[in-house]
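Now for the letters of each chain:
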Amino acid sequence: MLSKKTISILLKIGIVAFALYFLFEQFNSRQSTSFRSLDILDKINSNYITIIVVIFMMFMNWFLEALKWKFLINKIEEISIMTSIRAVFSGITVSTFTPNRIGEYAGRVFCLEKGDRIKAVLITIIGSMSQLFNTIFFGFIGFIFLPNFIVEASQFFIGNKYLYLLFIVIIILLNILLLVLFLNTKYLSILFYKINWLKKYHEYIAVFSLYSKLDLLKILLISFFRYFIFTLQFYILLKLFDVEVTYLNAIVLIMCMLFIVSLIPTIAITEIGVRGSVAIFLFGLISTNTTGIITATFLLWIINLLIPALLGTFFIFTLKFFRK
């Protein structure tokens, strides 16, 4: 019978192997063909400072995520920022071969020394929900302006001004509802406790009441900065690859893109294809530079996911699957 140490080592090797395989397959996908052309590589080489800036923004982005997770997880275990960084990068690696990156939760919680892992997963979900909140919140706002880019929709709303006004009011009300629901997660504990078969899990359900409105506002603010960094990264890369778009137009389309992508179930091996297809559809409304759009999307994936996932493989070997 295998010892726990042996099982742990085999699990770590398996995770790294799966992650590298899925990353390699996606890097060599059809969507990456244009990226490997000499013209694109020459443009990257001649604009290396811009690429360095975008990579620096990636590290800033994930550092903010580490700060957010540290703030959240400290309710059940005090951890250092380095431990949180290690957990975040480990989670990225595990997420590369799981549907909708759900493996990210497991990659993080196995960095904890003492904290309850089920509680840690639920806490990590709260952090993910704050990021999803920003995606949906700004996605709704993006859809208010999206008709400006679609001739048929623009003409429809011009002829139905009151309908367009109703559309805006509904979106504003939905955003207010989203904000109220997120800032009152403690009521989830009360709601779940009233369900008979969930009462025995009260210890875990209570996690949702650990955070005050101020705590959750802080989490939303950090998530917003991450969202802003990502949109700015994408805009910089679009301009780098000669996609003619103003900053305001780009932000509207990026907000819509992120919203749509968040609704589509994916696994890592298909994610870049989904992102590329949505980006081409939306930015194709204002630009015919399809190569530039798909290249910017693919390079953003390399910088924001491929590089962090590769770095995370080194941290996988520090995970603790079994406790003494």
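Source: prediction; values computed, not measured.

Asks: Summarise the overall build of the protein chain; cite the residues concerned and give the values.
Replies: Secondary structure assignment for the protein chain yields 14 helices and 0 strands. In sequence order, the secondary structure elements of the protein chain are arranged as α-α-α-α-α-α-α-α-α-α-α-α-α-α. A sequence separation of at least 24 residues applies to 74% of the contacts in the protein chain between residues at least 6 apart. Counting only carbon and sulfur atoms, one obtains 72% of the accessible surface of the protein chain, whose full area is about 16600 Å².

Asks: Describe the packing of aromatic side chains, naming the residues involved and giving the relevant values.
Replies: One pass over the structure, following the stated rule, counts 14 aromatic pairs. Centroid distance Tyr-235 to Tyr-247: 5.1 Å. Interplanar angle 85°. Geometry classified as edge-to-face. Taken as a pair, Tyr-235 in helix α11 (residues 213–240) and Tyr-247 in helix α12 (residues 247–263) lie far apart in primary sequence, 12 residues in all. Under the relative-accessibility criterion, Tyr-235 is labelled buried at 17%. The positively charged end of Arg-226 is found above the aromatic ring belonging to Trp-62, 4.7 Å away from the centroid.

Asks: Hey, could you go over a nonpolar patch on the surface for me, with residue numbers and the actual values?
Replies: Residues Tyr-162, Leu-165, Val-169, Ile-172, Leu-173, Ile-176 and Val-180 make up a contiguous nonpolar surface patch of roughly 720 Å² in combined accessible area. With respect to the secondary-structure elements, Val-169 resides in helix α8 (residues 161–182). Note on Val-169: relative accessible area 38%, which makes it partly exposed.

Asks: Explain the packing of helix α6 (residues 117–145) against α12 residue by residue, including any values.
Replies: Relative orientation of the contacting elements α6 and α12 amounts to 125°, with a least axis distance of 7 Å. With respect to α12, the axis of α6 lies oblique. In the crossing of α6 with α12, the sense of the turn from one axis to the other is left-handed. The segment α6 lies against α12, with Leu-132, Thr-135, Ile-136, Phe-138, Gly-139, Phe-140, Ile-141, Gly-142, Phe-143 and Phe-145 engaging Val-252, Met-255, Cys-256, Leu-258, Phe-259, Ile-260 and Ser-262. Taken together, the residues of the contact of α6 with α12 break down into 13 nonpolar, 4 polar and no charged.

Asks: I'd like to hear about the nonpolar core, residue by residue, with values.
Replies: Membership of the largest hydrophobic core comes to 52 residues, with the highest contact counts inside it found for Phe-234, Leu-237, Met-257, Phe-283, Leu-299 and Trp-301. Listing elements by their share of this core, those giving two or more residues are α2 (38–46), α3 (48–73), α4 (81–95), α11, α12, α13 (268–283) and α14 (290–316). Per-element tally for this core: the top contributor is α14, with 11 residues. Residues within four places of Trp-301 in sequence aside, it is in contact with Leu-23, Gln-26, Phe-27, Ile-272 and Leu-306.

Asks: Tell me about the pattern of salt bridges, residues and numbers included.
Replies: Following the criterion strictly, the structure yields 6 salt bridges and no others. Close ionic contact of Arg-226 with Glu-65 constitutes a salt bridge, the shortest N to O distance being 2.8 Å. With Arg-226 in helix α11 and Glu-65 in helix α3, the pair connects residues that are 161 residues apart, well separated along the chain. Just as Arg-226 is buried, Glu-65 falls in that class too.

Asks: Can you tell me about α8, naming the residues and giving the values?
Replies: Compared with the 32 Å implied by 1.5 Å per residue over 22 residues, the 32 Å span of α8 between its first and last C-alpha is a close match. The set of residues buried in α8 consists of Ile-171, Asn-175 and Phe-182. All buried residues of α8 project into a common sector of 40° when viewed along the axis, lining one side. Exposed and oriented more than 90 degrees from the buried face of α8 are Tyr-162, Leu-173 and Leu-181. Those residues of α8 that are buried lie in contact with α6 and α11.

Asks: Which residues make up α6, and what are the values?
Replies: The terminal C-alpha atoms of α6, which comprises 29 residues, lie 42 Å apart, in line with the 42 Å expected from a rise of 1.5 Å per residue. Two or three places before Ile-118, at the opening of α6, Asp-116 has a side-chain oxygen 2.9 Å from that residue's backbone nitrogen.

Asks: If you had to explain unusual backbone geometry to someone new, which residues and values would you point to?
Replies: Of all residues except glycine, most have a negative phi; of all peptide bonds, most are trans. In the Ramachandran plot, Asp-242 falls in the positive-phi region, its phi being about 65° despite a non-glycine side chain. Tracing the sequence through the fold places Asp-242 in the loop between α11 and α12. According to the relative accessible area criterion, Asp-242 is partly exposed, its value standing at 43%.

Criteria and cut-off values
- Residues numbered from 1 in each chain as written.
- Predicted model: local features only at pLDDT ≥ 70, side-chain atom pairs only at ≥ 80, totals over all residues.
- Heavy atoms only, no water.
- Helix = DSSP H or I, 4+ residues; strand = E, 2+ residues; numbered from the N terminus.
- Contact = heavy atoms within 4.5 Å.
- Areas by Shrake-Rupley, 256 points an atom, 1.4 Å probe, with all protein chains shown as cover.
- Phe/Tyr/Trp six-rings, centres within 6.5 Å; stacked < 30°, edge-to-face > 60°.
- Buried < 20%, exposed > 50% of the residue type's maximum accessible area, 1.4 Å probe, protein only.
- Lys NZ or Arg CZ within 6 Å of the ring centre and 35° of its normal.
- Patch = residues over 30% accessible without salt bridge, like charges linked within 9 Å, V, L, I, M, F, W, Y side chains within 5 Å.
- Salt bridge = Lys/Arg side-chain N within 4 Å of Asp/Glu carboxyl O.
- Axes fitted to C-alpha atoms, helices over the stretch in contact; angles between N-to-C directions.
- Parallel < 35°, antiparallel > 145°, perpendicular 65-115°, else oblique.
- Left-handed = near helix turned anticlockwise from the far one by under 90°.
- Nonpolar A, V, L, I, M, F, W, Y, C, P; charged D, E, K, R; others polar.
- Core = buried A, V, L, I, M, F, W, Y, C linked by side-chain atoms within 4.5 Å.
- Expected span 1.5 Å × (residues − 1).
- Arc of directions from axis to C-beta.
- Polar contact = N/O pair within 3.5 Å; in protein donor to acceptor, adjacent residues only side chain to side chain.

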